[in-house]
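# Chain and residue survey
In case you want the letters, here they are:
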Amino acid sequence: MADEPNPEDLEIADELIAERRAEAPGETPEDMTPWQRPITAVIDVINYRAGQIIALLMVPLIIVVVYEVFSRNTFAILQNAGMDELARSLGLGPTLWVYDTSRMIAGVLFMAAAGYGLMRGVHIRADFIYRFWSNKTQATVDATLYLLFFMPSMIFFTIVASEFWWLAYSRGETMQIDSAWGPLLWPARLAMPIGGFLLMLQGIPEIFRAFHKMGKERERWFVRALPFYIVGLAWLILAIFTPDIVPGGDWFTGIMSATPNLDKPTIGLIMLGAMLFVIFIGFPIAFTLIFLAFVFGIWGSNFKLTTLLMTLNTNSTMLNDQLMAVPLFVLMGIVMEAAGLMERLFASIQMIMARVRGALFIAVLIVSTIFAAATGIVGASVTLLGIMAGATMSRSGYDVKLAAGTITAGGTLGILIPPSIMLIVMGPVLEVSTLDLFRGAFVPGALLATLYLLYTLGRCWLNPSLGPILSEEDQPDTSRYYGAEVALICLGVLTICRVFGLGIGGAFGGLVPFGGLFVLAITLAVAYFAYRSLSILKIVVPIAVLFHLYMIVANMGDGLPIWSMVFGAFIVLLAYLGRPIYGPDAEAFHFSDLWDEFFAGLMPPTILISFALGSILLGFATPAEAAAMGAFGAILLSIGYRKFTIPSFFDSLVKALEITVLIMFLVAASNFFGAQFSALGTPAMMTQLLLGLEMSDYLILLLVMALIFLLGWPLEWVPIVLIVVPILLPTVEALSVHGLDRYDLMVWFGILVAVNLQTAWLSPPVALSAYFLKGVVPNWDLKDIYLGMMQFMMVQLVGLILLFVFPQLVLWLPKVMGGG
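Remember, predicted model here, so these are calculated numbers, not experimental data.

Thresholds, definitions, all that
- Residues numbered from 1 in each chain as written.
- Predicted model: local features only at pLDDT ≥ 70, side-chain atom pairs only at ≥ 80, totals over all residues.
- Heavy atoms only, no water.
- Helix = DSSP H or I, 4+ residues; strand = E, 2+ residues; numbered from the N terminus.
- Rg over C-alpha atoms; globule rule 2.2 N^0.38 Å.
- Buried < 20%, exposed > 50% of the residue type's maximum accessible area, 1.4 Å probe, protein only.
- Contact = heavy atoms within 4.5 Å.
- Lys, Arg positive; Asp, Glu negative; His and termini not counted.
- Charge placed at Lys NZ, Arg CZ, Asp CG, Glu CD.
- Phe/Tyr/Trp six-rings, centres within 6.5 Å; stacked < 30°, edge-to-face > 60°.
- Lys NZ or Arg CZ within 6 Å of the ring centre and 35° of its normal.
- Salt bridge = Lys/Arg side-chain N within 4 Å of Asp/Glu carboxyl O.
- Polar contact = N/O pair within 3.5 Å; in protein donor to acceptor, adjacent residues only side chain to side chain.
- Core = buried A, V, L, I, M, F, W, Y, C linked by side-chain atoms within 4.5 Å.
- Patch = residues over 30% accessible without salt bridge, like charges linked within 9 Å, V, L, I, M, F, W, Y side chains within 5 Å.
- Areas by Shrake-Rupley, 256 points an atom, 1.4 Å probe, with all protein chains shown as cover.
- 1 Å grid on protein atoms, 1.4 Å probe; cavity = no way out; pocket = protein on both sides within 12 Å on 5 of 7 lines; lining within 4 Å.
- Points joined across faces, edges and corners; volume = space filled by probe spheres on them.
- pLDDT = per-residue confidence, 0-100.
- Axes fitted to C-alpha atoms, helices over the stretch in contact; angles between N-to-C directions.
- Parallel < 35°, antiparallel > 145°, perpendicular 65-115°, else oblique.
- Left-handed = near helix turned anticlockwise from the far one by under 90°.
- Nonpolar A, V, L, I, M, F, W, Y, C, P; charged D, E, K, R; others polar.

Turning our eyes to something else, we now look at the overall build of the protein chain. Each helix and strand in the protein chain was counted, giving 35 helices and 0 strands. Against the globule reference of 28 Å for 820 residues, the protein chain gives a C-alpha radius of gyration of 29 Å, in line with a compact fold. Across its three principal axes, the protein chain shows a C-alpha extent of roughly 105 × 65 × 60 Å. Scored against the burial criterion, the 820 residues of the protein chain give a buried share of 57%. Within the protein chain, residue pairs in contact and separated by at least 24 positions form 81% of the contacts whose partners lie at least 6 positions apart. Separation between the mean location of the 40 positive side-chain charges and that of the 56 negative ones in the protein chain comes to 3 Å.

Below, the structure written as structure tokens:
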């Protein structure tokens, strides 16, 4: 049986990657067949250098998008202040060229670096069957499928992409449909044939590595068959593209253009079955989709239509402005993780909650929620939380199963809480705005985090031994009035949040230019001096209370909502708990040193989240623009924390490129497969079949959710979102549930799928979260980690049921913020 993944070899960027290659580029096994070693080494190095160069394109991508955001918003502010002439003299204002330039750069990133991705082993395979085979069997299957599937499909892709590029170049085609600037298309399209060629070239070393892995005896059989294979492959290529000059070309053309002896929907069903069979064998999913779409597309229609669908879908994926956010958000998360911002925040929250049972559970869930909003990278969250909390939990006598479940469940919030890479990818699939998916995921993300928190604290309340109070050595030094400290800090944080919300809502825009920032800066300054001076604190507290009460009354309208009454009562309660600052022993009150550490850890990610995520939710910036601003902000924070170095930043660029290539190439492959599958009419047939059953629409939707839930066990979210969801989508669109229109139904369904797919991270055998955690807490048994994860799967099901029964939990925020 093949080895299990080695937890120590996993990196935070491995969360979607089936097998990252360990050896250095150009390094080959000494016992590899001598004539294969130099070929393997040279091609590896070519793709490695190409990947390094392409990764640097993220820098100009960030620069141009940040420039656009700054120029447009500064122009709007100056214009509102009556300074139009100044804005124009500075050359500020919306641009025409940034939108097209940025999406062309993003398209080149994933397409031209496809060969690098294969060289590094960054691809997805459903290896839950594959991993149980012997090395010889794995290698034999790999070599066979690379020769039969990969090489022909990549050669076809390269040739057709070259023709597509030449057409754009020779005709001088420009972007006309969705572009006001109208730039030439051929520079971006050049990435398609180059990327296809480099990817095809990298297939040769992969075949040689499979030969080496299978052993010399079996390798000899493959090597002897290679000349016949090369001749046959050459004949096939010539018969397809130049049938007039090759024997049998006309015969082969006749076969390809012949009317299929089966109806098209049936061919689509066979195509679906073949896809599942090959994927479950363990071949990389993206290459499987491309080859099967070619074969069954030609069988069901014709070669010309099939190649047209391939080129158009690849081109549309490259130029998709929503998907442009993927590399930028990934980079933001990796840079933030490298800067070490979360360690300080976790340590401070742990100290603040030290006197509460289950304090470390609380700290883990709070930090994981903040980190999820800041990065969206599950591997980073689980790894860091394990490093920060694992040893302390063990030392404090925490239950291993509950601790492991809390860490892994908290880490999975990264794929749901915005900015979620999964939601960015899902938006174009569902044909809804990524902005509305982000808004719709906000409440469910908070709901799941709350359910996790209630579950852990409830377990600790019923059985205190599961999460005992921290030992004396782990507890901080505080003032005698620690409760008053907590209450006054909460009051201050809520006040700053309210001022910030009013500022970005434009409440202070009419005062002075940059009024929102100006008032926020004054508020922060006052809060700081109150934090440092007791006499100022005594003055500021009643002002803050009156400010909140005034805002509640001013916004009451025709009545006072219950939540406003509760919030007002909470503000009064905080002020009451802070009353020791006015007592006879007030001089004994002081804020403990742990609050300095808390704010030092809290402020950087909070500011980043507020400006990146807040700008998306409020509609001030597109997800791609917010992602660029977030990546830029993460770089500035890294510099501020003195963690920024050129080598580490370059390493972050390369890691971000690897995940981008993995996701985006699979997006392009699944779009091609889905377009061909739809052209065969199979989804429509399946929809008619399901709707023809005597079942309610709600039961059909439950069956769809159950199928996705079950597929979440063996498969990661990427193939489910990009392959399974498009197949099921026509059925879901035809349902009538909760009286929702098509758009609201898709937003609600998308969030249901997102919550459902968190099971992929909490369910064995594929759940890499368990391996990440085992790698950083080796003394925890893998069985206990799995049992802990399964508990939180059940909690997650409760959250999913609530969202299914009450769709307004998803749709309320998009309606409110969208003006609906």
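With that settled, consider the packing of aromatic side chains. According to the stated counting rule, one finds 32 aromatic pairs in the structure shown. Centroid distance Phe208 to Phe211: 6.3 Å. Interplanar angle 40°. Geometry classified as tilted. Residue Phe208 and its partner Phe211 are located together in helix H8 (residues 191-214), separated by 3 residues, close to a single helical turn. Exposure remark for Phe208: the relative accessible area of 8% places this residue in the buried category. Its relative accessible area of 0% is what places Phe211 among the buried residues. Between Tyr482 and Trp595 the ring centres are 6.5 Å apart and the planes differ by 25°, which places this aromatic pair in the stacked class. A residue pair is termed long-range when its members are at least 10 positions apart, and Tyr482 in helix H21 (residues 482-504) and Trp595 in helix H25 (residues 594-617) qualify at 113 residues. Of the two residues examined, Tyr482 and Trp595, each falls in the buried class. Sitting over the ring of Trp221, Arg224 keeps its end group 5.5 Å from the ring centre. For Arg579, the ring lying beneath its charged end belongs to Tyr576, and the centroid distance is 4.2 Å.

In this structure the tally under the stated criterion is 16 salt bridges. Between Glu431 and Arg742 there is a salt bridge; the shortest N-O distance is 3.9 Å. Separated by 311 residues along the polypeptide, Glu431 in the loop between helix H19 (421-430) and helix H20 (434-462) and Arg742 in helix H31 (residues 742-757) bring together distant segments of the chain. Judged by relative accessible area, Glu431 falls into the exposed class, the value being 61%. Arg742 gets classed as partly exposed once you look at its relative accessible area, which sits at 30%. Taken together, the shared-partner salt bridges in this structure form one network comprising Asp44, Glu206 and Arg209.

Let's shift gears to the environment of Ser368. Considering the arrangement of structural elements, one finds Ser368 in helix H16 (residues 359-374). Looking at Ser368, the relative accessible area reads 1%, which means it is buried. A C-alpha to C-alpha distance of 9.4 Å links Ser368 and Val378, two positions 10 residues apart in sequence. Residues in contact with Ser368, not counting those within four places in the same chain, are Leu385, Gly410, Gly411 and Leu413. Within the local environment of Ser368, its side chain forms a polar contact with the backbone oxygen of Leu365, the two atoms lying 2.9 Å apart.

Counting through the fold element by element, Thr412 comes out in helix H18 (residues 400-412). Overall, the relative accessible area of 0% leaves Thr412 in the buried class. A polar contact of 3.0 Å, which involves the side chain of Thr412, links it to the side chain of Gln758. When neighbours within four sequence positions are excluded, Thr412 is seen to be in contact with Val378, Tyr452, Gln758, Trp761, Leu762 and Ser769.

With respect to the helices and strands, Asn315 occurs in helix H13 (residues 303-318). Residue classification places Asn315 among the buried residues on the basis of a relative accessible area of 11%. Sequence-distant contacts of Asn315, that is, excluding residues within four places in its chain, are made with Phe164, Arg189 and Met192.

Quick look at unusual backbone geometry now. With a phi close to 60°, Glu431 is a non-glycine residue in the positive phi region. Positive phi is not limited to glycine here, since His738 has a value of about 55°. Mapped onto the elements, His738 comes out in the loop between helix H30 (717-733) and H31.

Counting 253 residues, the largest nonpolar core has Met393, Val425, Trp717, Trp748 and Phe749 as its most contacted members. Residues within four places of Trp748 in sequence aside, it is in contact with Leu701, Val737, His738, Leu740, Leu803, Phe804, Pro807, Val810 and Leu811. Formed by 6 residues, the second largest nonpolar core is a distinct cluster that contains Met104, Ala168, Leu185 and Ala188.

Let us look at a nonpolar patch on the surface. A surface patch of nonpolar side chains, about 410 Å² in accessible area, is lined by Tyr67, Leu96, Trp97 and Trp181. On the secondary structure map, Leu96 appears in the loop between helix H3 (84-89) and helix H4 (97-112).

Here we come to empty space enclosed by the protein. Following the criterion strictly, the structure yields 7 cavities of 30 Å³ or more and no others. Lining the largest cavity are 14 residues, and of these Val122, His123, Ala286, Phe287 and Phe665 lie nearest its centre. The set of elements that each furnish at least two residues to the lining of the largest cavity consists of helix H5 (114-119), helix H12 (285-300) and helix H27 (646-679). The dominant element in the lining of the largest cavity, judged by the number of residues it contributes, is H27, at 4 residues.

Here the protein chain shows a mean pLDDT of 83. Residues at 70 or above account for 91%. The weakest mean pLDDT in the protein chain belongs to helix H32 (residues 759-762) at 71; the strongest belongs to helix H1 (residues 36-55) at 94. Scored below 50 in pLDDT, residues 1-18 makes 57 contacts in the model with residues more than four places away or belonging to other chains.

To describe two helices that pack against each other, one gives the angle between their axes and the distance between the axes. As a packed pair, helix H29 (residues 697-711) and helix H34 (residues 782-805) sit with axes 13 Å apart at the nearest point and diverge in direction by 150°. Between H29 and H34, the angle falls in the class roughly antiparallel. The chirality of how H29 crosses H34 is right-handed. Note on element contacts: H34 touches H29 through Met793, Leu797 and Phe804, opposite Tyr698, Leu701, Leu702 and Phe709. Grouping the amino acids of the contact of H29 with H34 by side-chain chemistry returns 7 nonpolar, no polar and no charged.

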